[in-house]
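Overview (structure and organization)
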Amino acid sequence: SGFPGLKPDAFTYTAVIDAYAKSGYRGAASRADLLLDQMEAKYAAGDQDLKPNTFTYNAVINALAKSGEPGAAARAERVLHNMV
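First things first, this report covers the structure right here in the doc. (Residues numbered from 1 in each chain as written. Predicted model: local features only at pLDDT ≥ 70, side-chain atom pairs only at ≥ 80, totals over all residues. Heavy atoms only, no water.)

**Points about the overall build of the protein chain**
Spelled out, the test is: Secondary structure elements are taken from DSSP: a helix is a run of H or I of four residues or more, a strand is a run of E of two residues or more, and numbering for both begins at the N terminus. Radius of gyration here uses only the C-alpha atoms, and the compact-globule reference equals 2.2 Å multiplied by the residue count raised to the power 0.38. Whether a residue is buried, partly exposed or exposed follows from its accessible area with a 1.4 Å probe, protein chains only, as a fraction of its type maximum: under 20%, in between, or over 50%, in that order. Two residues qualify as a contact provided that any one of their heavy atoms is within 4.5 Å of a heavy atom in the partner residue.
On a plain count of helices and strands, the protein chain comes out with 4 helices and 0 strands. Counting helices and strands in the order they occur from the N terminus, the protein chain gives α-α-α-α. Relative to its length of 84 residues, the protein chain is compact, with a C-alpha radius of gyration of 13 Å against a globular reference of 12 Å. In terms of overall dimensions, the protein chain has C-alpha extents of about 40 × 30 × 15 Å along its principal axes. Looking at the protein chain as a whole, 30% of its 84 residues qualify as buried. Taking the intrachain contacts of the protein chain between residues at least 6 apart in sequence as the baseline, contacts between residues at least 24 apart amount to 57%.

**Regarding the pattern of salt bridges**
Applicable threshold: Salt-bridge detection follows one rule: a side-chain nitrogen of Lys or Arg within 4 Å of a carboxyl oxygen of Asp or Glu.
Counted under the stated rule, the structure contains 7 salt bridges. Of the charged contacts, one joins Lys7 and Asp49 as a salt bridge, the two residues approaching to 3.4 Å between their closest N and O atoms. With a gap of 42 residues between them, Lys7 in the segment before helix H1 (10-23) and Asp49 in the loop between helix H2 (28-44) and helix H3 (54-67) connect regions that are remote in the sequence. Overall, Lys7 belongs to the partly exposed group, its relative accessible area being 45%. Judged by relative accessible area, Asp49 falls into the partly exposed class, the value being 45%. The salt bridge involving Lys22 is made with Asp18; its shortest N-O contact spans 2.9 Å. Placement of the pair is Lys22 and Asp18 together in helix H1, with a separation of 4 residues, close to one helical turn.

**Things to note about the environment of Ala10**
As for its placement among the helices and strands, Ala10 is situated in helix H1. Placed 54 residues apart in sequence, Ala10 and Leu64 show a C-alpha to C-alpha distance of 19 Å. Setting aside its immediate chain neighbours within four residues, Ala10 contacts Met39, Asp49, Leu50 and Lys51.

**Brief notes about the packing of H3 against helix H4 (residues 72-83)**
A pair of packed helices is captured by two measures, namely the crossing angle of their axes and the spacing between those axes. Put simply, the rule is: Here an angle of 0 to 180 degrees is reported between the N-to-C directions of two axes, which are lines fitted to C-alpha atoms, with helices fitted over the stretch in contact. Oblique is the label for any angle not covered by the other classes, which are roughly parallel (under 35 degrees), roughly antiparallel (over 145) and roughly perpendicular (65 to 115).
Closest axis-to-axis distance for the H3/H4 pair is 8 Å, and the angle between their directions is 170 degrees. Taken together, the axis directions place H3 and H4 in an arrangement best described as roughly antiparallel. For the pair H3 and H4, the contacting residues are Thr54, Tyr57, Val60, Ile61, Leu64 and Ser67 in the first and Ala72, Arg75, Ala76, Val79, Leu80, Asn82 and Met83 in the second.

This is the structure in structure tokens:
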């Protein structure tokens, strides 16, 4: 469904990830991390519009840092390593 010819790009995904980072909702960091994983997978599959950028990775790291979720620091470090 949706609008024909219209699809989210890296900017759109990053905006949603940043919204999760700022929301303070329980599970928001996990959701932001999942969206990043989806972006990376789609980019690896050939969707050049979904290449994560520095802002994307920073938003996920920020969400994890604020979350207080178990394992968040290790997940943030994984995100950092995915950048390089």
